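One-letter residues, chain by chain:
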Amino acid sequence: MNRQTKGVLLAAGGASLWGGSGAAAQYLFSTTTISTTWLVAVRLLTAGILLTAISIIRAPQQVRALTHRRRNLGYLLAFAILGMLNSQLTYFLAVKFSNAPTATVIQYLQPVIIIIWLALSQRQWPRRIDCISIAIALVGTFYLVTGGHLNTLTLTPTALFWGLWCAGAAALYTLLPRPLLEHYDALAVCGLAMLVSGIILTPFLFTIPTPHLSSGDWWLVGYIVVGGTMFSYTMFLQSIRYISPSVTGILSAFEPLVATLLAVTLLGTWMTPAAVVGSLLILLTPFLQAIPLQKVLALFTRQKHHH
């Protein structure tokens, strides 16, 4: 197996496991009394312990540098609270009040938020492809939220609120760890951020009653923690060693695809044609951002002159 194939399989596999965890959470929320905060606390604490343990074995000096240098610790705490904890909790709340496909798709508005933030912070007008991406994402959101009709809402205000907050949190999740990821292993950074987030939520494990779950439900919780968090993060981060970040960004579309397929086929979730169109338009955004537009235009111009 060549490096390109291995990278593609790792990225697609990691994104698919992520999508599956959204569908698993939707099932648990609809059939049990499980609390969102309890599930997120268990997920982050357990996965954080496991990933940090792996990082300590693989690169103890990196874990030491991340936790003992004041500057690194500040970045790590900001990422853990505003990025990791914020995105995980709001994503599951969006799933609870809507469904896995909708929550996962709305989360993909994060490139638009990042584009706007970078344009404002750098006081620089976005590129043409960025403006096109924003317009397409806004049209997609309109169809997803209204079903194509101005006087109706297909999502409750609560679901829309948590979905949009989730997209903003996902943007912070992408931007905040950049200074750390330039110097340290991504697995160590994410593992420690999950551990810190899990520790912050630990008091809820003692104040919220443990839900009454069947053995099958506990298997789903285990999958959300191990498959949908630990393995998915590890596989996705490993893929960057073999393929470019732009390709992994495109393959991340497997997350909403798998979440939608599982929710529709196994959970009976119904998506209107307008919702499907809106979702596809929103998911087009990361594809547009990944296209090396200048290279494509240069190639087109070269071929035009050649003919």
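Quick caveat: nothing in here was measured; it's all calculated off a predicted structure. (Residues numbered from 1 in each chain as written. Predicted model: local features only at pLDDT ≥ 70, side-chain atom pairs only at ≥ 80, totals over all residues. Heavy atoms only, no water.)

*Asks:* Could you give an account of the overall build of the protein, with specific residues and numbers?
*Replies:* For the protein, the count of helices and strands is 15 helices and zero strands. Computed over C-alpha atoms, the radius of gyration of the protein comes to 20 Å, within 12% of the 19 Å expected from 2.2 N^0.38 for 307 residues, which places it in the range of a compact globule. A principal-axis box enclosing the C-alpha atoms of the protein has dimensions of 70 × 50 × 45 Å. Out of the 307 residues belonging to the protein, those deemed buried represent 49%. Once local pairs closer than 6 in sequence are excluded, the contacts in the protein between residues at least 24 apart make up 85%. Of the roughly 15,800 Å² of accessible surface on the protein, 69% is carried by carbon and sulfur atoms. Between the mean site of the 17 positive side-chain charges and the mean site of the 5 negative ones, the protein shows a separation of 10 Å. (Helix = DSSP H or I, 4+ residues; strand = E, 2+ residues; numbered from the N terminus. Rg over C-alpha atoms; globule rule 2.2 N^0.38 Å. Buried < 20%, exposed > 50% of the residue type's maximum accessible area, 1.4 Å probe, protein only. Contact = heavy atoms within 4.5 Å. Areas by Shrake-Rupley, 256 points an atom, 1.4 Å probe, with all protein chains shown as cover. Lys, Arg positive; Asp, Glu negative; His and termini not counted. Charge placed at Lys NZ, Arg CZ, Asp CG, Glu CD.)

*Asks:* For the environment of Leu176, give the residues involved together with the corresponding values.
*Replies:* Topologically, Leu176 is positioned in the loop between helix 8 (157-175) and helix 9 (178-181). Residue Leu176 is classed as partly exposed on the basis of its relative accessible area, which comes to 22%. Taking the C-alpha atoms as reference points, Leu176 and Ala47, 129 residues apart in sequence, are found 20 Å from one another. Excluding its chain neighbours within four sequence positions, the residues that come into contact with Leu176 are Ala78, Phe79, Leu82 and Gly83.

*Asks:* Requested: an account of the pattern of salt bridges, with residues and values cited.
*Replies:* Oppositely charged side chains are able to pair whenever their charged atoms sit close together. Following the criterion strictly, the structure yields one salt bridge and no others. Here Asp185 makes a salt bridge to Arg58, at a shortest N to O gap of 3.9 Å. Taken together, the positions of Asp185 in the loop between helix 9 and helix 10 (186-207) and Arg58 in helix 2 (residues 36-58) put the pair 127 residues apart, joining distant regions of the chain. Accessibility expressed as a relative area gives 26% for Asp185, which makes it partly exposed. (Salt bridge = Lys/Arg side-chain N within 4 Å of Asp/Glu carboxyl O.)

*Asks:* Outline the nonpolar core, supporting the account with residue identities and numerical values.
*Replies:* Of all hydrophobic cores here, the largest spans 53 residues; its most connected members are Ile34, Leu39, Met84 and Phe92. Among the secondary structure elements, those contributing two or more residues to this core are helix 1 (3-31), helix 2, helix 3 (60-68), helix 4 (70-97), helix 8, helix 10 and helix 11 (215-239). Looking at this core element by element, the count peaks at 10 residues for helix 4. The next biggest cluster of nonpolar side chains, apart from the first, holds 17 residues, and it includes Leu109, Val112, Ala137 and Leu283. (Core = buried A, V, L, I, M, F, W, Y, C linked by side-chain atoms within 4.5 Å.)

*Asks:* Describe a nonpolar patch on the surface, listing the residues and the values that go with them.
*Replies:* On the surface, Leu73, Leu77, Ile81, Leu82, Leu172 and Ile200 cluster together to form a nonpolar patch covering roughly 440 Å² of accessible area. Among the structural elements, Leu73 can be located in helix 4. (Patch = residues over 30% accessible without salt bridge, like charges linked within 9 Å, V, L, I, M, F, W, Y side chains within 5 Å.)

*Asks:* Describe in detail the environment of Asn151, supporting the description with residues and values.
*Replies:* Relative to the helices and strands, Asn151 is located in the loop between helix 7 (128-146) and helix 8. Separated by 136 residues in the primary sequence, Asn151 and Ala15 place their C-alpha atoms 35 Å from one another.

*Asks:* Summarise the packing of aromatic side chains; cite the residues concerned and give the values.
*Replies:* Working definition: an aromatic ring pair is given by the centre-to-centre distance plus the angle between the planes. Within the structure shown, the criterion is met by 10 aromatic pairs. Seen in terms of ring centroids, Phe142 and Tyr143 are 5.6 Å apart; in terms of plane orientation they differ by 75 degrees. Their pairing is edge-to-face. Judged by its relative accessible area of 28%, Phe142 falls in the partly exposed class. Judged by its relative accessible area of 32%, Tyr143 falls in the partly exposed class. Through pairs of rings, three or more aromatic residues link up here, namely Trp18, Tyr233 and Phe236. (Phe/Tyr/Trp six-rings, centres within 6.5 Å; stacked < 30°, edge-to-face > 60°.)

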